[in-house]
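Below, each chain spelled out in residue letters.
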Amino acid sequence: MNINFQGKSKPLNHIWSACVGAGRANEGLRADWQSHLFKAVKHGGFRYLRFHGLLHDDMHVYKIVDGQEVFNFQYVDALFDAMLDQGIRPFVEFGFMPIDLASTERTQFWWKGNISPPNDYAKWANLISKLVEHWTQRYGLEEVKNWYFEVWNEPNLSAFWDGTKEQYFRLYQVSVAAIKAIDDRLRVGGPATSNFVPDARFDGELEDISTHLTLVTEDLDSLEWKGVWIEDFLAFCERKKLPVDFISTHPYPTDFALDGHGEFQGRSRHASSTRDDIEWLKRVIASSAYPDVEIHLTEWSSSPSSRDCSHDYLPAAAYVVKTNLEVSNLIDSLSYWVFTDVFEEVGAGPAAFHGGFGMLNLQGIPKPTFHAYSFLNQLGEHELARSEGTVITRTDNGELRGLFYNYPEDYKGTVPMSVYPDQTVAQTAQSFGSSRSFNVVVEQVTPGAQYVLRTVDRDHGVAVQLWNEMGSPNSPSREQTEQLIAYADQLNERQFTADSNGRLTLDFNIGPWAIALLSEEV
């Protein structure tokens, strides 16, 4: 690859830093959560944060006392103040249902988020109106216009919505009306549905488990995968003349389906399935009444499990880089789920490394995915060249930045799930593959300029390996935690120098699953 650094470029859309996820609102009141957020924003450049449970009763936003509605937004204020002070805005997810508005007693997670439709849609709309009005008064309309408002989370799944498709559409209808009545420029969207599927299970009002094809089909790539409720949602909004500012959904590259014996099992799809899903989504949106809406994929990772040991290992980082670069010019955000292992959907993590979603573990130890987002964030705004495994960019202030990755050519699938506590699948995947050579020449850089290539590979930046060598301490000591953080941050470094003619020659190898960032030493 031969590149003219002063040559033509095209914009590089930094979808990776647009939004990131977190577990639930109340966790955001913790000191460790907030310190992890500071680190994630500093290194990952994240601009928006999305999480569950904003309206859950542990945030104390809504009660009915002596027949009167009582609103209390103090906990929400404390959380949003802390976020905005760190330079990150809310991507608001409205859910779950306050118990005094709930129509059933069904809940999700150990903290018992109520998943029912409201018992009174007018009261729900009033709650949304009061809350958004409160934000405009506290932060100013000009600020709140920059936010996004998403109605609920994964309502197609009975685990998250004890209602029908029609009831969810009604929830969206009253919510968008309440928000737009405050100011039409406020941005509202949905349907925030779960991963794409290859069958008709979600075509009706409720999931039809008899139609699952995932575990009765050997070749998943032979199936036609489609988004959930997207077409029906767009058609409903067109029919009711409802505004839609963005479409959201969650294209995890996996599917959990019934195995024919009443048990759910998960399977992973091919390595570029997220790109395929997004291309389907863009075609559907383009042919709808809302062809220009933004696309925000508000949850995404290599799997939807918070007990998947692959999240702690190197291949997850290569997958993050590969997928984000593949889809960077197709969507507005691909929100990684989540930035921290301060995350309690199924309770506290059983050990320091337990396959949690986070790019930082509970003790704040960076995982390889943390470095993946740090590297992506450091790319320039102007793309000069790209090939499989390589992107070369120029920053606004004229610096060269390049990102390289080695997703093994012979590994056709997404990073496989490795169910905690067994790390074997994750370790086996990491051991797969061979090194890859890169040869890049960049012309017209500053003569004599110094560059450094920082690499995360099997021997650098994978802290779970040192943790295993320590004997896998459940709660590492302070000294062990310091050692693990230092190990995670100790990347492999190689120096390169441009010659007297302003020609930079890069000739190097990186191991399988490795990621590497080239930057100028200023």
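Every chain is numbered on its own, with residues counted from 1 as its sequence reads. Restriction of local features to residues with pLDDT of at least 70 applies here, the model being predicted, together with a cutoff of 80 or more for giving and counting side-chain atom pairs; totals for whole chains, interfaces and linings are based on all residues. Only hydrogens and water are set aside when side-chain values are computed; all heavy atoms of the structure are taken into account.

Caption draft 1: Representation of the overall build of the chain. Strands are runs of DSSP state E lasting at least 2 residues, helices are runs of H or I lasting at least 4, and numbering of each runs from the N terminus. Counting secondary structure elements, the chain contains twelve helices and 24 strands. Using C-alpha atoms as the atom set, the radius of gyration is obtained and then compared with a globule rule of 2.2 Å times the number of residues to the power 0.38. Radius of gyration (C-alpha) of the chain: 23 Å, near the 24 Å computed for a compact globule of 522 residues. Principal axes of the C-alpha set define a box for the chain whose edges measure 80 × 50 × 50 Å. Each residue gets one of three labels from its accessible area relative to the maximum for its type: buried under 20%, exposed over 50%, partly exposed in between, using a 1.4 Å probe on protein chains only. The 522 residues of the chain split such that 59% are buried. Partitioning the intrachain contacts of the chain with sequence separation of at least 6 by distance along the chain shows that 77% fall at a separation of at least 24. Within the structure as shown, the chain displays about 19900 Å² of accessible surface, and the carbon and sulfur contribution to it stands at 46%. Here Asp and Glu are counted as negative and Lys and Arg as positive; His is not counted, and neither are the chain ends. Lys charges are placed at NZ, Arg charges at CZ, Asp charges at CG and Glu charges at CD. The centroid of the 44 positive side-chain charges in the chain is displaced by 4 Å from the centroid of its 71 negative side-chain charges. We call two residues contacting when some pair of their heavy atoms lies within 4.5 Å. Shrake-Rupley sampling with a 1.4 Å probe provides the accessible areas, and residues are treated as covered by the protein chains on show and by no other component.

Caption draft 2: Inspection of the nonpolar core at higher detail. By nonpolar core is meant a set of buried Ala, Val, Leu, Ile, Met, Phe, Trp, Tyr and Cys residues that side-chain atoms within 4.5 Å join together. Core analysis: the biggest nonpolar cluster contains 133 residues, and Phe80, Phe94, Trp135 and Phe149 have the highest contact counts within it. The dominant element in this core, judged by the number of residues it contributes, is helix H3 (residues 121-139), at nine residues. Residues Ile3, Ile392, Phe496 and Leu506 belong to the second largest nonpolar core, which totals 23 residues.

Caption draft 3: Molecular detail of the sheet that holds strand S1 (residues 2-4). Two strands pair if DSSP finds at least two bridges between them. If you walk across this open sheet you meet the three strands as S1-S20-S23, and the pairing is mixed. Bordering the open sheet on either side are S1 and strand S23 (504-510), each of which pairs with just one other strand. Neighbouring strand axes in the sheet, compared pairwise and without regard to direction, differ in orientation by 20° on average. Two elements, S1 and strand S20 (residues 436-443), share three bridges in a ladder whose sense is parallel. Each residue of the ladder has a partner; that of asparagine 2, found in S20, is valine 441. As a rule, the C-alpha atoms of each element are fitted with a line to give its axis, helices using only the stretch in contact, and angles between N-to-C directions run from 0 to 180 degrees.

Caption draft 4: Molecular detail of helix H2 (residues 74-85). Its twelve residues place the ends of H2 16 Å apart at the C-alpha level, agreeing with the 16 Å of an ideal helix rising 1.5 Å per residue. The elements touched by buried residues of H2 are helix H1 (31-44), strand S4 (48-52), strand S7 (89-94) and H3. With its phi angle positive at about 85°, glycine 87 sits one or two positions after the end of H2. Given the number of residues in a helix, its expected span is that number minus one, multiplied by 1.5 Å.

Caption draft 5: Geometry of the pairing of strand S24 (residues 515-520). With respect to burial, S24 is a largely interior element, five of its six residues being buried. With five bridges connecting them, strand S19 (residues 400-405) and S24 associate as antiparallel partners. Within S24, the position partnered with tyrosine 405 by the bridge is isoleucine 515. With six bridges connecting them, strand S21 (residues 450-456) and S24 associate as antiparallel partners. Of the residues in S24, the one forming a bridge with leucine 453 is leucine 518.

Caption draft 6: Structural detail: the sheet that holds S19. Across the sheet, which stays open at both edges, the seven strands sit in the order S2-S17-S18-S19-S24-S21-S22 with antiparallel pairing between neighbours. Looking at strand neighbours, the two that pair on one side only are strand S2 (10-11) and strand S22 (492-497), the edges of this open sheet. Its contacts with the sheet place helix H8 (residues 314-327) against strand S17 (382-387), strand S18 (390-394), S19, S21 and S24, and it is angled at close to 120° to S19. Helix-sheet contacts for helix H9 (residues 368-377) involve S19, S21 and S24, and the interaxial angle to S24 is about 35°.

Caption draft 7: Inspection of the side chain of serine 328 at higher detail. By the element assignment, serine 328 lies in the loop between H8 and strand S16 (333-336). Dropping the residues within four chain positions of it, serine 328 is found in contact with Leu12, Asn13, Ile15, Trp16 and Arg386.

Caption draft 8: Region of interest: the packing of aromatic side chains. Whether two aromatic rings pair depends on their centres lying within 6.5 Å, for rings of Phe, Tyr and Trp, where Trp uses its six-membered ring; planes under 30 degrees apart make the pair stacked, over 60 edge-to-face, and the rest tilted. Applying the stated criterion across every chain, the model contains 47 aromatic pairs. With a centroid separation of 4.8 Å and an interplanar angle of 75°, the aromatic rings of tyrosine 407 and tryptophan 513 are classed as edge-to-face. Of the two residues, tyrosine 407 is situated in the loop between S19 and helix H10 (424-431) and tryptophan 513 in the loop between S23 and S24; the sequence distance between them amounts to 106 residues. Note on tyrosine 407: relative accessible area 9%, which makes it buried. For tryptophan 513, a relative accessible area of 0% translates into the label buried. A ring pair is formed by tyrosine 411 and phenylalanine 432, whose centres lie 5.3 Å apart and whose planes are at 70°; its orientation type is edge-to-face. Of this pair, tyrosine 411 sits in the loop between S19 and H10 while phenylalanine 432 is found in the loop between H10 and S20, placing the two residues 21 residues apart along the sequence. Here, a charge over a ring means that NZ of Lys or CZ of Arg falls within 6 Å of the ring centre while also lying within 35 degrees of the ring normal. The ring centre of tyrosine 121 lies 3.9 Å from the NZ or CZ of arginine 170, which sits over that ring. One Lys or Arg, arginine 394, reaches over the ring of phenylalanine 5 and ends 6.0 Å from the middle of that ring.

Caption draft 9: Local environment of the pairing of S4. Among the five residues in S4, five count as buried, and that is most of the element. Taking every second residue as pointing to the same face, both faces of S4 are buried, with Tyr48, Arg50 and His52 on one and Leu49 and Phe51 on the other. Where strand S3 (residues 19-24) and S4 come together, four bridges link them in parallel fashion. Its bridge partner being in S4, glycine 21 is matched across the sheet by arginine 50.

Caption draft 10: Molecular detail of unusual backbone geometry. With omega at -10°, the peptide bond leading from glycine 95 into phenylalanine 96 counts as cis. By secondary structure assignment, the location of phenylalanine 96 is in the loop between S7 and strand S8 (107-108). Omega for the bond connecting glycine 190 with proline 191 falls within 30 degrees of zero, at 5°, which places this linkage in the cis form. In this fold, proline 191 is placed in strand S11 (residues 187-193). The phi dihedral of aspartate 66 falls on the positive side, at around 50°, and the residue is not glycine.

Caption draft 11: Main features of the packing of H2 against H3. Where H2 contacts H3, the two axes come as close as 12 Å, and the packing angle between them is 50°. The orientation of H2 relative to H3 falls into the category oblique. Considering how the two elements wind past one another, H2 and H3 form a crossing that is right-handed. For the pair H2 and H3, contact is made by Val76, Asp77, Phe80, Asp81 and Leu84 and by His134, Trp135, Arg138 and Tyr139, respectively. Our angle categories are set so that under 35 degrees counts as roughly parallel, over 145 as roughly antiparallel, 65 to 115 as roughly perpendicular, and the remainder as oblique. Crossing handedness follows the turn of the near helix against the far one: under a right angle anticlockwise gives a left-handed crossing, and clockwise gives a right-handed one.

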